[in-house]
Amino acid sequence: MATTLSPLAPASFPTLPPIAGVRIATANSGIRYKGRDDLLLAVLDPGTSVAGVLTRSLTCSAPVIWCRDSLPKGSARAVVVNAGNANAFTGKAGDATVQATVSAAADLAGCAPDEVYIASTGVIGIPLAADAIGKCLAPMAPNLAADSAAWEKAARAIMTTDTFPKGAVRTATIGGTTVTIAGFAKGSGMIAPDMATMLGFVFTDAAIAASALQDMLSEFTERTFNAITVDGDTSTSDTLLLFATGKAGNAPVSSADAAELAEFRAALEDLLLDLALQVVRDGEGATKFIAITVRGADSDAAAKRIGMTVANSPLVKTAVAGEDANWGRIVAAIGRAGERADRDLIKITVGGTLICADGMEVPGYDETPVAAHMKGKEIDIDVDLGLGKGTAKVWTCDLTHGYIDINGSYRS
């Protein structure tokens, strides 16, 4: 795990209140890390509904396959997460580890195996003993707790190269009943999500059907976790799960479009974006947080593709790291994004200063305010294609030598 705190880190981990129907414990599994917890167990009350989005990587982990097969049932009673070993590309041995882990958790929670959800993050391609995780679960049961401290312990237990734990909380009302949403995530490198983040777990005490949860999570993920990138690499392990225990006492809601869910929808999307942006702020070696807005594209999808091309450009990211206002690199990224663009219509603004328009640098352009903006930690890039109504916003970080240092020694 990285030891130097990201300069973009929040001041502290937020205070997350207990969520009725959720109990959490952490422990050290001995799989990789010494002197820290690296295993999370959450036990959920009966009646908990679940939704999830998972990586579309064709070399996804054994836990991802398990979750994908279990999600159609729509109910959950336990969650098991380990850090340090991704259990990906581990063949039949990986499947055996999943089966043993699920069996142990199901016995502990008193539930069916397909009500257990698991996730793993860490090194790819190293098989684990079948009972490496499962044997640790029963001793964790006496420590299951519903207090606020459990959340930060959980967020820390799933970290790998993260420099800080990531958490968020929101409240909303459903039909006059106050409900709470709390969640945590991990991610620092191998971040170019494709249906999810590295690992993220969100819990609410609201009573909402699994199908409605799924509709909301799938929609909001596209504008949050799927709108961030650190390095352009999609993980084998990307998993984002949303659980609803139903303990708040609101009348159960079965449709994501129900009028009474309006406030909840806004709160959930805001929480997901909060967690996603914390992942960007913890990008490996990051010193700058970059927000890229694209407007005037042929469609929202086109705008997003252009934005992500700029965000993933090593040339753009290293220019930002070097505090170099080299806007030509943004132009180059726009041109190779594969979406329609017209040289004479494009306008690029950095830090509120218009740099180019009408196919060239604006007359009298003064780089001084842009150079000053580049020296800050928060960088804003705005691209107007001038073609249509498509808009998108994406987020990334700069690319520094710190990224090489972390990944060049990840397994050592």
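Residues numbered from 1 in each chain as written. Predicted model: local features only at pLDDT ≥ 70, side-chain atom pairs only at ≥ 80, totals over all residues. Heavy atoms only, no water.

So, on to the UniProt feature "active site" (unreviewed entry) in the protein. Mapped onto this structure's residue numbering, the UniProt feature "active site" (unreviewed entry) falls at Thr197. With a relative accessible area of 0%, Thr197 lands in the buried category. Setting aside anything within four residues of it in sequence, one finds Thr197 in contact with Lys186, Phe225, Asp238, Thr239, Leu240 and Val279. (UniProt positions renumbered as here; feature names shortened; annotations may be inferred. Buried < 20%, exposed > 50% of the residue type's maximum accessible area, 1.4 Å probe, protein only. Contact = heavy atoms within 4.5 Å.)

So, about the pairing of strand E15 (residues 390-397). Of all eight residues making up E15, six are buried, and the element is well covered by its neighbours. Examined bridge by bridge, strand E10 (residues 289-297) and E15 share seven bridges and lie antiparallel to one another. Paired with Val294 across the bridge in E15 is Ala392. (Helix = DSSP H or I, 4+ residues; strand = E, 2+ residues; numbered from the N terminus. Pairing = 2+ DSSP bridges.)

This part covers the sheet that holds E10. Taken in spatial order, the six strands of this open sheet run E13-E12-E11-E14-E10-E15, and their pairing is mixed. Both edges of this open sheet fall to strand E13 (360-361) and E15, since each of them pairs with a single strand only. Here strand E11 (residues 347-350) runs beside strand E14 (residues 378-384); their pairing, made up of four bridges, is antiparallel. From the neighbouring strand, Ile348 faces E14, where its bridge partner is Val383. Packing against the sheet, helix H7 (residues 300-312) makes contact with E10 and E15, and its axis sits at approximately 20° to E15. (Axes fitted to C-alpha atoms, helices over the stretch in contact; angles between N-to-C directions.)

At Phe89, a residue that is not glycine, the phi angle is positive and equals roughly 55°. Assignment of secondary structure puts Phe89 in the loop between strand E4 (78-85) and helix H2 (91-109). Phi is positive for Asp358, which is not a glycine, with a value near 55°. Structurally, the position occupied by Asp358 is in the loop between strand E12 (353-357) and E13. The class for Asp358 is exposed, based on a relative accessible area of 62%.

Turning next to the pattern of salt bridges. Inspection of the entire model under this criterion finds 20 salt bridges. Its salt-bridge partner being Glu152, residue Arg156 comes within 3.1 Å of it at the nearest N-O pair. Taken as a pair, Arg156 and Glu152 lie in helix H4 (residues 149-157) at a separation of four residues, close to a single helical turn. Between Glu323 and Lys288 there is a salt bridge, with its nearest N and O atoms 2.8 Å apart. Of this pair, Glu323 sits in the loop between helix H8 (314-321) and helix H9 (328-335) while Lys288 sits in the loop between helix H6 (262-281) and E10, placing them 35 residues apart in sequence. (Salt bridge = Lys/Arg side-chain N within 4 Å of Asp/Glu carboxyl O.)

Moving on: the sheet that holds strand E6 (residues 166-174). The mixed open sheet is built from five strands, whose spatial order is E3-E9-E8-E7-E6. Each of the sheet's edge strands pairs with one partner strand only, and the pair in question is strand E3 (49-54) and E6. Strand-to-strand twist in this sheet, taken as the mean axis angle between neighbours without regard to direction, amounts to 15°. Note that strand E7 (residues 177-186) and strand E8 (residues 199-204) share six bridges and pair antiparallel. Bridge pairing in E8 links Ala185 to Gly200. Packing against the sheet, helix H5 (residues 210-223) makes contact with E3 and strand E9 (239-244), and its axis sits at approximately 30° to E3.

Moving on to a nonpolar patch on the surface. A contiguous nonpolar surface patch, about 300 Å² in accessible area, is contributed by Phe89, Ile124 and Met190. For Met190, a relative accessible area of 32% gives the class partly exposed. (Patch = residues over 30% accessible without salt bridge, like charges linked within 9 Å, V, L, I, M, F, W, Y side chains within 5 Å. Areas by Shrake-Rupley, 256 points an atom, 1.4 Å probe, with all protein chains shown as cover.)

Strand residues, when the strand is regular, have side chains that alternate between the two faces of the sheet. Examined bridge by bridge, E6 and E7 share nine bridges and lie antiparallel to one another. If you follow Ala168 over to E7, its bridge partner there is Gly183. Counting the residues that bridge the hairpin from E6 to E7 gives two residues, and of these Gly175 lies at a positive phi of roughly 60°.

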